[in-house]
Amino acid sequence: MTAFQDRTALITGSSRGIGRALALTLARGGGSVVVNYKKNAELAEQVRKEITQLGGRAVTVAADMEQPEEIERLFAVAAQEFGTLDYFVCNAAASSFKNIMDLKPHHLDRSYAMNMRSFVLGAQQAVRLMPDGGRIVALSSYGSIRAYPTYANLGAAKAAIESWVRYMAVEFADRGINVNAVNGGIIETESSGYFYDVPGMAPLSGVLPLIPKQRMGTAQEVADVIAFLLSPAAEYVTGQTLVVDGGLSIVSPPFSRDLSGPLA
């Protein structure tokens, strides 16, 4: 693979999960990566070493995406190390999983800052480093189009991100920049663990059979779709949200497992 040869990506939250899988995928294709993390420098350094072993080039940058000044510093380091960017992938996310009546102002403020604001501010910085065009991809989730317990704070933010993607796609088109989103379902990462480990949450054992594919998705499967959107094959794709959820968002009751008799 040489689809990403001499291309540079900045991926937020790329020390683990989907961000890490994407960073290594790009490195296998010849790409360079700005590996962003918040606290765990050891994990980020491991990713940097793996990218180097794959023949790519990488730099690690600690930056809290809730803080505008740290976002600026993150992109300043990218400019200093690589000069320009080809790809910006907004992957880092965080929120509070609570019922709506239990949300406090600081829960709302932090979710806005970490998810929506960081994407917009990051995109502004990225566009300035893409004089010859580029690609922007934001990670969303199926909570943006479906409602389920305790996810309102993050799901609403993800829905807003998908809307920002459409507006950016139009405004940045004449700059040669494509903007898309990837909407993931139940993906086997630490993030899904944070959600399903909440006391009282429905167990995964009862949820997975309702998915047509009947399993969780992998970080690599999501990373592969993002890589497609970054590749030359997706040149005419912009303003779209690609869903990677094993069919979860297309089913509704009655479910197949509820059938009986000749229909079962």
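Residues numbered from 1 in each chain as written. Predicted model: local features only at pLDDT ≥ 70, side-chain atom pairs only at ≥ 80, totals over all residues. Heavy atoms only, no water.

1. A few points about empty space enclosed by the protein
- In total, this model carries one cavity of 30 Å³ or more according to the counting rule given.
- Looking at the largest cavity, its volume works out to about 30 Å³.
- Around the largest cavity, the lining residues are C90, N91, A92, A93, N115, L139, K158 and I161. (1 Å grid on protein atoms, 1.4 Å probe; cavity = no way out; pocket = protein on both sides within 12 Å on 5 of 7 lines; lining within 4 Å. Points joined across faces, edges and corners; volume = space filled by probe spheres on them.)

2. With respect to the sheet that holds strand 5 (residues 134-141)
- Pairing is parallel in the open sheet, where seven strands are placed in the order 3-2-1-4-5-6-7. A single partner strand is all that each edge strand has here, and the edge strands are strand 3 (58-62) and strand 7 (241-244). Ignoring strand direction, the axes of neighbouring strands in this sheet form an average angle of 20°.
- Relative to strand 3, strand 2 (residues 32-37) is paired through five bridges, and the arrangement is parallel. Residue Y37 lies in a different strand from strand 3, and its bridge partner there is A62.
- Across the sheet, helix 2 (residues 41-53) touches strand 2 and strand 3, and the angle it forms with strand 2 is around 170°.
- Across the face of the sheet, helix 4 (residues 105-128) comes into contact with strand 4 (87-90), strand 5 and strand 6 (177-184) while running at roughly 175° to strand 4. (Pairing = 2+ DSSP bridges. Helix = DSSP H or I, 4+ residues; strand = E, 2+ residues; numbered from the N terminus. Axes fitted to C-alpha atoms, helices over the stretch in contact; angles between N-to-C directions. Contact = heavy atoms within 4.5 Å.)

3. Regarding helix 1 (residues 17-28)
- For helix 1, which comprises 12 residues, the first-to-last C-alpha distance of 17 Å matches the rise-based estimate of 16 Å (1.5 Å per residue) to within 8%.
- Most of helix 1 sits inside the fold, with nine of its 12 residues counted as buried.
- Listing the buried residues of helix 1 in full gives I18, G19, A21, L22, A23, L24, T25, L26 and A27.
- Looking at the buried positions of helix 1, the neighbouring elements they touch are strand 1 (8-11), strand 2, helix 2, strand 4, strand 5 and helix 8 (219-230).
- Note on helix 1: the residue one or two positions beyond its end, G30, has a positive phi of about 95°. (Expected span 1.5 Å × (residues − 1). Buried < 20%, exposed > 50% of the residue type's maximum accessible area, 1.4 Å probe, protein only.)

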